Amino acid sequence: MKSTQTFALATLASAVALAVTVAEAQTNVPKPTYKFEKCYGIVKAGLNDCFTANNSCAGTVTKDNLPAAWIYVPKGTCKRITGGTLDAPK
């Protein structure tokens, strides 16, 4: 194989690997099978369940306890957690 052909295949393989990695990272968590509610303001960085106004995918918030970031919790749990609210920020 010629070196230019090898380089082209390596570049293509890298691009495909990157695309797969990005596609896997940009997902939203499916809704739970149990009765749930969205709890805002208690999420640890990188562990949000869905998008916010400042990011597009689950697991992408960069700071703890952002008011717009939320996670699914069992119904009736959110108000029992310090800082948790059922209301999305305006």
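Everything that follows concerns the structure shown earlier in this document.
Now for a description of the structure that goes with this document.

## Digging into the nonpolar core
Grouped together as the largest cluster of nonpolar side chains are eight residues: Cys39, Ile42, Val43, Val61, Ala69, Ile71, Val73 and Cys78. The contact partners of Ile42, leaving out residues within four places of it in the chain, are Asn65, Ile71, Ile81, Thr82, Gly83 and Gly84.

## Examining the state of the cysteines
Under the counting rule described, the total for this entry stands at one disulfide. Here Cys39 engages in a disulfide with Cys78; their sulfurs sit 2.0 Å apart. Of note, the bridge from Cys39 to Cys78 carries an S-S torsion of about 75° and is right-handed in sense. Highlighted residues: Cys39 in strand E1 (residues 36-40) and Cys78 in the segment after strand E2 (70-74), separated in sequence by 39 residues. Cys78 carries the same exposure label as Cys39, and that label is buried.

## Section: the packing of aromatic side chains
Evaluated as defined, the whole model comprises two aromatic pairs. With 4.8 Å between their ring centres and 80° between their planes, Phe36 and Tyr72 make a pair best called edge-to-face. With a gap of 36 residues between them, Phe36 in strand E1 and Tyr72 in strand E2 connect regions that are remote in the sequence. We classify Phe36 as partly exposed; its relative accessible area is 26%. Residue classification places Tyr72 among the buried positions, given a relative accessible area of 11%. Taking 4.9 Å as the distance between ring centres and 75° as the angle between the ring planes, the aromatic pair formed by Trp70 and Tyr72 counts as edge-to-face. Owing to a relative accessible area of 5%, Trp70 belongs among the buried residues under this scheme. Each residue in the set Phe36, Trp70 and Tyr72 is aromatic and connected to the rest through ring pairs, giving one cluster. The ring of Trp70 has Lys38 sitting right over it, with the charged end atom 4.5 Å from the ring centre.

## Regarding unusual backbone geometry
Non-glycine residue Asn65 carries a positive phi angle of around 60°. Residue placement: Asn65 occurs in the loop between E1 and E2. Owing to a relative accessible area of 48%, Asn65 belongs among the partly exposed residues under this scheme.

About the criteria used
- Residues numbered from 1 in each chain as written.
- Predicted model: local features only at pLDDT ≥ 70, side-chain atom pairs only at ≥ 80, totals over all residues.
- Heavy atoms only, no water.
- Core = buried A, V, L, I, M, F, W, Y, C linked by side-chain atoms within 4.5 Å.
- Buried < 20%, exposed > 50% of the residue type's maximum accessible area, 1.4 Å probe, protein only.
- Contact = heavy atoms within 4.5 Å.
- Disulfide = S-S within 2.5 Å.
- Helix = DSSP H or I, 4+ residues; strand = E, 2+ residues; numbered from the N terminus.
- Phe/Tyr/Trp six-rings, centres within 6.5 Å; stacked < 30°, edge-to-face > 60°.
- Lys NZ or Arg CZ within 6 Å of the ring centre and 35° of its normal.

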